[in-house]
Amino acid sequence: MTVHNIRHANTRHADSRHGDASDGAVGGRLSRVDGPAKITGAAKYAFEQQLDGLAHAVMVEATIAAGTVRAIDTRAAETAPGVLLVLTPDTIMEIKGASDWLGNPPTQKTYSPLARTVTYSGQHIAAVVAETFEQAVAAAALVEVSYDETPAIVDLSDAKAGDGIPIDVMTKEWGDAEAAFAAAPVRICAAYNTQREYQAAMEPHGLIARWQGEELTIWEPSQWLDGMARTYAEWFGVPFENVRLVSPYIGGGFGSKALALAHSAVAAASAKMLGRPVKLVLTRPQNFTSYGGRAATRQTVTIGAGRDGKIQSIVHRGVNETAVDGMWVEPLASVTSIMYATPNFSSKQNVVRVNTVVPGAKRAPGENPSAFGIECAIDELAYEVGVDPLEIRLRNYAEQDPEAKKAWSTRQLREAFAAGAERFGWSKRSPKPRSMRDGHQLIGWGVAAGTYPVRRAYGEAIVRILADGSVEVESSSIDMGQGTYTILAQTAAETVGVPADDVVVKLGDSRFPRAGVAGGSRLAGVMTGAVYKAATSALDQFVGLAISDPRSPFHALQANTLVVANGRITAPRGDGPDVSIAELLASVGRDRIEATGDTMPANSSAEDRYKNYTTIATSVPHTEGDYSRHSWCAHFIEVRVDEDFGTVRVSRVVSALDSGRLYNPKLAESQWKGGIIMGIGQALLEEGIVDRRHGRIVNNNLADYLVPTNADIPDIEVISVGIPDLHSSVLGGKGVGELAIVGVAPAIANAVFHATGKRVRDLPITLEKLI
Amino acid sequence: MTDQTTSITIPIHLTINGRDHSLNVEPRVTLLDALRDRLDLTGTKKGCDHGQCGACTVHVDGERVLACLTLAAQVEGREITTIEGLAGADGTLDAVQAAFLEQDAFQCGYCTPGQIMSAVACIREGHAGSDDEIREYMAGNLCRCGAYPNIVAAVRQAALEVAS
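What counts, and at which threshold
- Residues numbered from 1 in each chain as written.
- Chains lettered and ligands numbered in written order.
- Predicted model: local features only at pLDDT ≥ 70, side-chain atom pairs only at ≥ 80, totals over all residues.
- Heavy atoms only, no water.
- Buried < 20%, exposed > 50% of the residue type's maximum accessible area, 1.4 Å probe, protein only.
- Helix = DSSP H or I, 4+ residues; strand = E, 2+ residues; numbered from the N terminus.
- Pairing = 2+ DSSP bridges.
- Domains from an automatic or database assignment.
- Buried area = accessible area lost by both parts, 1.4 Å probe.
- Salt bridge = Lys/Arg side-chain N within 4 Å of Asp/Glu carboxyl O.
- Phe/Tyr/Trp six-rings, centres within 6.5 Å; stacked < 30°, edge-to-face > 60°.
- Core = buried A, V, L, I, M, F, W, Y, C linked by side-chain atoms within 4.5 Å.
- Contact = heavy atoms within 4.5 Å.
- Patch = residues over 30% accessible without salt bridge, like charges linked within 9 Å, V, L, I, M, F, W, Y side chains within 5 Å.
- Areas by Shrake-Rupley, 256 points an atom, 1.4 Å probe, with all protein chains shown as cover.
- Expected span 1.5 Å × (residues − 1).

1. Observations concerning the pairing of strand S16 (residues 345-354) of chain A
Residues and elements named next belong to chain A.
In step 1: The buried fraction of S16 amounts to eight of the ten residues, a majority that puts the element mostly inside the structure.
In step 2: As judged from the two bridges shared by strand S7 (residues 165-166) and S16, these two strands associate in the antiparallel manner. Within S16, the residue paired with Ile165 across the bridge is Val351.
In step 3: Inspection of the sheet shows strand S15 (residues 311-323) paired to S16 by ten bridges, in the parallel sense. Paired with Ile314 across the bridge in S16 is Phe345.

The structure is reproduced here in structure tokens:
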């Protein structure tokens, strides 16, 4: 639980640009309310809690990619200084199987977070718990493991990998795509690859686990408190209510921190076995193998078109890697099937099992690689027919969802193209490749579009109006940097009628009213809706009391309603008393007004609610009802390629984005820029490199797995072209967090082609691919 | 299971944010782990523990240092400043801290203490003369949320304030 009482925080200096009351309303540019804690070091992240008797655990991981553990010799580790416990598959307590994130029951009765059968390098096989972190690290190095190694399938290009397993539910077809392609006057066909990428949040994964009798408290960075609490409850056979998950701040997630993982189970088990709280933080290298990054993908995109560039057919085939013992499907046709109007379409997808940790969600799973395929392919078509890359996108503009055959709820993509092109100066582009240069630098301008569906779910919140006139909001949702603390303060402030400074938002504790996963860019829309509902209900109670209570100064007015604004309550015509919220509550003898709001359907049972908040099974389809709901964006990017060395630098980015209504533009713009920057990393730098002899990721650290640095990033201009979309959320917002990465890599690849005349279809675009 | 007294500890005296601290730790304890695990100064962050990310940046005698690559015993008798010691005694924020808040130069906040400590030093070193220079001299501090353009704006703003 975390409190940001910004009235008491020292923001004297920082408030220099404030004073605009509208900053605190929904849509205002309020600075982060959790900001003062984060810039002073006062913000305590989950596993920074200081507990008495804390023991420290360190994981031991497999050094082979496939085989079995023959023996683990723990004798040296057990006698090392400070060691309390050495866990192996044979000595760890029994843990029960847990249901998956859809709520499907476990396939195995028991779960072993320490493996006897190794299916990937880096898999956890043992753990050491000691009095201090240093002792645990030293002892872990003394654990001797012997293996019976078997051949591994190291990646998608391994000869043993095969074609994989067809995933029939991913098949999408309309018209006769093959025939239309064969008949089309213009035909293009190309293969596009993306590599293993990692979330690489700056805060590593880790946790502190503490048992008090049958009650378990977990301090762990989490994108989904209620979902992870369910997993712990099932693993250890205790009621859901006995598990408390605390996650006040999350040092970045990007999709990686939504599930309780093997190391989480080991920490909780060792805490139970020792009867002491245990802290376990993964090393940076372990963060590359303890959970999955984005799966490597391969796509073939074929487009049949008229000589005018109008698309007649798209045939798409995709493959993503998954694990030997786990399934991950990265939906590779999610953008392909909706971005452009086409009368004929076919898409199929396979997954291929390789010896890796199960791949997972990384910012815009599916949409991101999907857009790399189709947004490069349409650029290739543009050159093939001699049409400007922007013009060809407008020529094939989808006026409705081509797949669902439904109207868009809102689609400001045409506006995004127009605003971005204008600001970027696209009309000054010389169409021919290699026709723009500055000395040794070839200059290229590229464009690409992006989209992300509006995922919707339900949320719950409490809003309290307190005796001192302040307002308190509680929810088990989380803030990993998206700005949840801030936008919920703004929502409650505007709805109740108090300054945002008078709102305290408490998040990150599973004891608070429930929330689903902070993933798929859904949390802001879900939680502003829940807080709006709870705050409206609290306000109604408060005004009702002011009108009806005989002790209220407004009682004699016999008004139908009253106005609450800026923390004060008045009659609509201003002809009565003017008192503060605190004064009114005092006059009627109340110390608080409290209301719970949730956005669940009215007849939902307790079981429905539990399922909604602890699984993702109840997510509402984005094409439910009459509309298809998506966020949209257009990226315009300039690259400079050194003619001799092939080095690529992004020198200018202008992106126009439609996320609907923005609850706080200042914070939304930051998330957009962050997505664009992660996209620059994907396009030019990021790639998990596999040692083919050992099936091991060799660049499993932040010096060798290259994420963008400050010096890699130019000025980035973002433009909001969204309009409120009430089909998408209560307050009119669509998704923000994942949208902006979608389309960045193809815009860069397209710019590189424009600069050099070389089409690189295999990310990342590194210099050896250009010289 | 074992004799826990066999680890050798040594007494260390550290001056952190103007306050003296005494502790008994093994010689192999890093400054970062001493701060975070022994002294409850968790504002200094551990991102990689290998000197690759910059999240653990602190000042030793006014210069930026990676606390994960520094043993606690190495900095006895030196002035250590962490993010907790940057604001004035009355809580007035440093110009860099204030600029970070105003420019929204962070999202998750985990790299932020290191960014701010680097930025204070970067300005003091005279390396905040242009946006390109700021980008270069702040390149040792990774930010996965991608706040870089806003960090550059914050450092530029703070540098102007410090100069005036």
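From this point, the discussion proceeds with the structure in view.
2. What about the domain arrangement of chain A?
Buried accessible area, meaning the area lost when the parts come together, often serves as the stated size of an interface.
Residue and element names in this part refer to chain A.
In step 1: Partitioning chain A into structural domains gives domain 1 (14-43 + 456-614), domain 2 (48-151 + 204-288) and domain 3 (403-454 + 623-769).
In step 2: Computed over C-alpha atoms, the centres of domain 1 and domain 3 are 36 Å apart.
In step 3: Buried area between domain 1 and domain 3, both sides added, is near 1800 Å², and the carbon and sulfur share of it is 53%.
In step 4: Counting the surface domain 1 buries against domain 3, the share from its top three residues, Arg29, Arg456 and Ser521, is 37%.
In step 5: Run the count over domain 1 and domain 3 and you get two salt bridges.
In step 6: Two residues, Arg29 and Glu669, come together in a salt bridge whose shortest N-O distance is 3.0 Å.
In step 7: For the side of domain 1 that touches domain 3, the secondary structure elements donating two or more residues are helix H10 (484-496) and helix H11 (523-548).

3. Quick word on the packing of aromatic side chains
In step 1: Within the structure shown, the criterion is met by 18 aromatic pairs over all chains.
In step 2: Aromatic ring contacts, followed pair by pair, group Tyr45(A), Tyr249(A), Tyr485(A) and Tyr110(B) into a single cluster.

4. Description of the pairing of strand S2 (residues 19-25) of chain B
Residues and elements named next belong to chain B.
In step 1: Pairing between strand S1 (residues 10-16) and S2: seven bridges, direction antiparallel. Bridged to Ile16 within S2 is Arg19.
In step 2: Here S1 folds back onto S2 in antiparallel fashion, the turn holding two residues, of which Asn17 has a positive phi close to 55°.

5. Quick notes on the nonpolar core
In step 1: Core analysis: the biggest nonpolar cluster contains 233 residues, and Tyr232(A), Phe542(A), Val639(A), Ile748(A), Ile765(A) and Phe100(B) have the highest contact counts within it.
In step 2: When residues of this core are assigned to their parent elements, the largest contribution, 14 residues, is made by H11(A).
In step 3: Apart from the residues within four sequence positions on either side, Phe100(B) is in contact with Ile39(A), Ala105(B), Phe106(B), Thr112(B), Gln115(B), Ile116(B), Ala119(B), Ile151(B), Ala154(B) and Val155(B).
In step 4: Listed in part, the 21 residues of the second largest apolar core include Ile64(A), Ile125(A), Ala136(A) and Ala139(A).

6. Section: a nonpolar patch on the surface
In step 1: The grouping of Trp101(A), Leu102(A) and Leu259(A) at the surface amounts to a nonpolar patch, some 260 Å² of accessible area in total.
In step 2: With respect to the helices and strands, the residue Leu259(A) is situated in the loop between strand S12 (243-246) and helix H6 (262-274).

7. Here's the deal with helix H5 (residues 225-236) of chain A
Residue and element names in this part refer to chain A.
In step 1: Taking 1.5 Å per residue as the helical rise, H5 with its twelve residues ought to reach 16 Å, and the 17 Å between its terminal C-alpha atoms agrees with that figure.
In step 2: Burial analysis of H5 places eleven of its twelve residues in the buried class, the great majority of the element.
In step 3: All buried positions along H5 are accounted for by Leu225, Asp226, Gly227, Met228, Ala229, Arg230, Thr231, Tyr232, Ala233, Trp235 and Phe236.
In step 4: Following H5 by one or two positions, Gly237 has its phi on the positive side, about 60°.

8. A look at the pattern of salt bridges
In step 1: One pass over the full model with this rule turns up 63 salt bridges over all chains.
In step 2: For the salt bridge of Arg456(A) with Glu624(A), the shortest nitrogen-to-oxygen distance reads 3.1 Å. With Arg456(A) in the loop between strand S19 (441-453) and strand S20 (460-466) and Glu624(A) in the loop between helix H13 (606-614) and strand S27 (627-628), the pair connects residues that are 168 residues apart, well separated along the chain.
In step 3: The partner of Arg573(A) in a salt bridge is Asp575(A), and the shortest N-O contact between them spans 3.6 Å.
In step 4: The exposed category is assigned to Arg573(A), whose relative accessible area is 74%.
In step 5: Judged by relative accessible area, Asp575(A) falls into the partly exposed class, the value being 47%.
In step 6: Linked by salt bridges that have partners in common, Glu197(A), Arg294(A), Glu330(A), Lys362(A), Glu686(A) and Arg144(B) make up one network.

9. A closer look at the environment of Val526(A)
Residues and elements named next belong to chain A.
In step 1: By the element assignment, Val526 lies in helix H11.
In step 2: Residue classification places Val526 among the buried residues on the basis of a relative accessible area of 9%.
In step 3: Along the backbone, Val526 and Arg298 are 228 residues apart, and their C-alpha atoms lie at a distance of 34 Å.
In step 4: Sequence-distant contacts of Val526, that is, excluding residues within four places in its chain, are made with Ala457, Tyr458 and Gly459.

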